[in-house]
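Listed below, chain by chain, are the residues.
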Amino acid sequence: MTVSPIRPPDLQQAIGPLIPALRAAAASLQPSESVLPLLTPILRQRVHLLSFSSSNDPWIRLLCYDVSKVPKLTKIAQSERLEPHPASGEVEIDWDYDAETRFRRLDEETLQAFVVITGLELGILLTYCTVEDGEGWRVGEVTVADTPSPFSSFGGVSAIAEAERQFRESKQPKSTAVPIVNPPLNNSQARGQEDEDDDDDYWAQYDATPGAKTPAAKRSPAPQTTRAWNGSNEDDYYAQYDDVQPAMDNHDPDEEADVDVSPPLGLASGATDATRNEPSDGEVAQNGIQGSWTLAEPPRSSSPRSKSGDDPNLVHPLPRPASSTGSHASVEKLEAAAALQEQNNFGVKQHVSRSIKSLFLLSQASGIDREEFERMVKTELDMLGLMED
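I will try to describe carefully the structure that is included in this document. (Residues numbered from 1 in each chain as written. Predicted model: local features only at pLDDT ≥ 70, side-chain atom pairs only at ≥ 80, totals over all residues. Heavy atoms only, no water.)

### Side note on the overall build of the protein
Spelled out, the test is: The helix count covers DSSP runs of H or I at least four residues long, the strand count covers runs of E at least two residues long, and both are numbered beginning at the N terminus. Here, two residues are considered to be in contact whenever any of their heavy atoms come within 4.5 Å of each other. Computed with a 1.4 Å probe, the accessible areas rest on the Shrake-Rupley method; for each residue, only the protein chains presented here act as cover.
Each helix and strand counted, the protein has 10 helices and 6 strands in total. Considering only contacts within the protein whose residues lie at least 6 apart along the sequence, 61% involve residues at least 24 apart. With the model as given, the accessible surface of the protein reaches about 27200 Å², and the carbon-plus-sulfur share is 53%.

Encoded structure:
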């Protein structure tokens, strides 16, 4: 706020002519034209307009906004203390000794001064305003000073500079942090919070998957066994696949402990023995094997061979019949697809349930009751039915 410095009021000039006029104001019905220029524009308009509305009451009542103080103000104006001196014709007041002034700024455009004349028990409010002949101090109200603290309701300070400083400090934002206190939850909100915690616990189970852990030794989907297979019982051969870890099972014991991965059914790993030759494409296509497994070479031993010329400790894989392989593959694919579809449906249902709960809590927080929420949901469902038709 860039304004020129404001000088304190000259009480003799601003209030002096008004004091003798109070005695006449307590008796006359119309104000004198010489008194109106001493008043602020607002008080001047009040006196000028309201003095003509009543012809029975003196106009001194218009100088005070507190109706309860008007009778005492009238009594003071009619007392001998406001009689002019016989020699000078003025009311004798020592403005430096009998008057005390306090200042305050209400806003950027309003600076006020409250003058208390102790000997007369008068309190005069001055306002620095713009008038026809420029800027200056004008009388905004004439009232009775409170006792024993005449400035208790006005406050203020003894200097204009101090009043300006206090006003600037009051306009600066305060840096005091206000603690945020969450309101207590009602019963319905508490139940909704518990349901939401249950949902969080459910979805948090997916964080326990071993994908974030250090990868353990990878395991072949083939059965981990090296026992000899009895060719006369085909069911025993296929029963070995019951020990295979399902692909949809998130819990894999092999990822929690180191497992000695041995080649299945007479196959050897090419990664463990770098000296062995890799199988040719024809061997891979003939045996139906893809990946890092290769056919295990029979151990070289000086012991005599069997009659068939093969090592009895070597396990030979028996190829499946074409019809059996196709049927088992189709069944496994259908089972895997059904399990995946069931898991997807469960996740979607959980998501829809959680969304409805969240919308219900949001509606309650916005002031929408349960009946209105149910009506809104039913209306939307009906609209979806119309769209499907």
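### Section: the sheet that holds strand β4 (residues 134-144)
Condition: Any two strands with at least two DSSP bridges between them are considered paired. Every angle, taken between N-to-C directions, lies between 0 and 180 degrees, and every axis is a line fitted to C-alpha atoms, over only the stretch in contact when it is a helix.
As summarised here, the arrangement of the 4 strands in space is β1-β2-β3-β4, forming an open sheet in which the pairing is antiparallel. The strands lining the two open edges of the sheet, one partner per strand, are β1 (99-107) and β4. Geometrically, the sheet is characterised by an average inter-axis angle of 25 degrees between neighbouring strands, direction not taken into account. Here 10 bridges tie strand β3 (residues 122-131) to β4, and the two strands are oriented antiparallel to one another. Its bridge partner lying in β4, Y128 is registered against W137.

### Quick notes on unusual backbone geometry
Here the bond from T147 into P148 is cis, since omega is 5 degrees, no more than 30 degrees from zero. In this fold, P148 is placed in the loop between β4 and α5 (160-171).

### Observations regarding the pattern of salt bridges
Selection criterion: The term salt bridge refers to a side-chain nitrogen of Lys or Arg lying within 4 Å of a carboxyl oxygen of Asp or Glu. We call a residue buried when its accessible area falls under 20% of the maximum for its residue type, exposed when it is over 50%, and partly exposed in between, using a 1.4 Å probe and counting protein chains only.
Scanning the model with the defined rule gives 11 salt bridges in all. One salt bridge in this structure joins D146 and K69, with 2.9 Å as the shortest N-O distance. Residue D146 is located in the loop between β4 and α5, and its partner K69 is located in the loop between α3 (41-50) and α4 (70-77); the two are separated by 77 residues in the primary sequence. The shortest N-O distance in the salt bridge between R102 and E100 comes to 3.8 Å. Taking relative accessible area as the criterion, R102 reaches 25% and is therefore assigned partly exposed. Under the relative-accessibility criterion, E100 is labelled partly exposed at 39%. By sharing partners, the salt bridges in this structure join K72, R81 and E121 into a single network.

### Things to note about α4
Heads up, the condition is: Our arc is simply the arc of the directions from the helix axis toward the C-beta atoms.
For α4, every residue scored as buried is listed here: V70, L73, T74, I76 and A77. Down the axis of α4, the sector holding all buried residues measures 160 degrees, keeping them to one side. Exposed positions of α4 whose direction lies more than 90 degrees from the buried face are P71 and K75. Elements in contact with the buried residues of α4: α2 (18-25), β3 and β4.

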